[in-house]
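As a plain string of letters, each chain reads:
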Amino acid sequence: MAGLPTMLIVDDEPALRMLLKEFFKKKFNSVALEDGLACIPYLEKNTLPLLMILDLEMPGMGGLDVIKKVRGKSDWNSIIIVVLSSKESSKDRIACLRAGADDYIVKPFNPEELDARIQAILRRANSPVS
């Protein structure tokens with residue numbers, strides 16, 4: 001939809017990509033990609049998304065590598081990154097947050113909580129999307 005900010009959903013689970021696209025369809029123009037290998041070329045060729053919801057464990061290029069690549073390019077620093085992962089360990093959460101993720105949510109998750117966390121990040125960034 002025109003006028004809506006873009007959300008990039010990077011996850012190898014088709015059902016989750018579809019759920020997130022549907023849940024956020026009134027707030028974001030959602031683009032769904034199946035893995036990190038598709039993510040980097042997308043970022044290089046398209047208008048940058050406002051935010052990215054990123055799985056940690058994916059074939060090809062995992063989420064942590066995507067975070068490092070995104071945060072390693074100064075032009076991409078404004079992208080908000082929320083990790084959505086089945087990995088519950090504190091070690092994984094810390095690694096992602098230190099690499100530059102803005103938040104980390106463990107699957108299974110409540111979409112309302114994900115939305116609330118995104119809204120909190122956007123409020124702090126002075127970019128409210130209602």
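Structure first, text after, so check above.
Enquirer: Outline the sheet that holds strand β1 (residues 6–10), listing residues and values.
Expert: Taken in spatial order, the 5 strands line up as β2-β1-β3-β4-β5 in an open sheet, and their pairing is parallel. The sheet is open, and its two borders are formed by β2 (29–33) and β5 (103–106), each paired with just one other strand. Going from strand to strand, the sheet's axes swing by 20° on average, the running direction of each strand aside. Its contacts with the sheet place helix α2 (residues 36–45) against β1, β2 and β3 (51–54), and it is angled at close to 155° to β1.

Enquirer: Would you mind going over the packing of helix α3 (residues 63–71) against helix α4 (residues 90–99) in detail, with residue names and values included?
Expert: In the contact formed by α3 and α4, the axes pass within 9 Å of each other and the chain directions differ by 15°. In terms of their interaxial angle, α3 and α4 are classed as roughly parallel. You can see that α3 and α4 cross each other, and the crossing is left-handed. Here Leu64, Ile67, Lys68 and Arg71 of α3 lie close against α4, whose contacting residues are Ala95, Cys96 and Ala99.

Enquirer: Would you mind going over the nonpolar core in detail, with residue names and values included?
Expert: With 24 residues, the main nonpolar core has Leu8, Leu43 and Met52 as its most contacted residues. Where this core is concerned, the elements lending two or more residues are β1, β2, α2, β3, α3, β4 (80–85) and α4. For this core, the element with the most residues is α2, which contributes 4 residues. Apart from the residues within four sequence positions on either side, leucine 43 is in contact with Leu8, Leu48, Pro49, Met52, Val70, Trp76 and Ile79. Counting 17 residues, the second-largest nonpolar core is a separate cluster that includes Ile9, Leu51, Phe109 and Leu122.

Enquirer: Talk me through the side chain of aspartate 11; I want residue IDs and the actual numbers.
Expert: Position of aspartate 11 relative to the elements: it lies in the loop between β1 and α1 (14–23). There is a polar contact of 2.8 Å between the side chain of aspartate 11 and the backbone nitrogen of glutamate 13. In this structure, aspartate 11 is in contact with Leu16, Arg17, Leu33, Glu34, Asp55, Met58 and Lys107, ignoring residues within four places of it in sequence.

Enquirer: Can you explain the pattern of salt bridges? Please cite residues and give values.
Expert: Going through the model one piece at a time under the given rule, you end up with 9 salt bridges. The closest approach of N and O atoms between aspartate 92 and lysine 87, which form a salt bridge, is 3.5 Å. One network of salt bridges, in which partners are shared, links Asp11, Glu13, Asp55 and Lys107.

Calculation criteria
Within any chain, residue numbers begin from 1 and follow the written order of that chain's sequence. Since the coordinates come from a predicted model, pLDDT governs what is reported: local features require at least 70, and pairs of side-chain atoms require 80 or more to be given and counted, while whole-chain, interface and lining totals use all residues. In computing side-chain properties, one takes all heavy atoms of the structure into account and sets aside hydrogens as well as water. In this description, strands pair whenever DSSP reports at least two bridges between them. Helix and strand assignments come from DSSP, with helices taken as H or I runs of at least 4 residues and strands as E runs of at least 2, each series counted from the N terminus. In this description, a line fitted to the C-alpha atoms serves as the axis of each element, helices being fitted only across the stretch in contact, and the angle between N-to-C directions of two axes falls anywhere from 0 to 180 degrees. Two residues qualify as a contact provided that any one of their heavy atoms is within 4.5 Å of a heavy atom in the partner residue. Oblique is the label for any angle not covered by the other classes, which are roughly parallel (under 35 degrees), roughly antiparallel (over 145) and roughly perpendicular (65 to 115). Handedness of each helix crossing follows the sense of rotation of the near helix against the far helix: counterclockwise by less than a right angle gives left-handed, clockwise gives right-handed. Among buried residues, the Ala, Val, Leu, Ile, Met, Phe, Trp, Tyr and Cys ones that are joined through side-chain atoms within 4.5 Å form a nonpolar core. Exposure classes here rest on a 1.4 Å probe applied to the protein chains alone. A residue is buried below 20% of its type maximum, exposed above 50%, and partly exposed in between. Polar contact is defined as a pair of N or O atoms within 3.5 Å, subject to the rule that within protein one atom must be able to donate a hydrogen and the other to accept it, and that residues adjacent in sequence are counted only when both atoms are side-chain atoms. For this document, the term salt bridge refers to a Lys or Arg side-chain nitrogen within 4 Å of an Asp or Glu carboxyl oxygen.

Interpretation in functional terms is not warranted from these geometric data alone.
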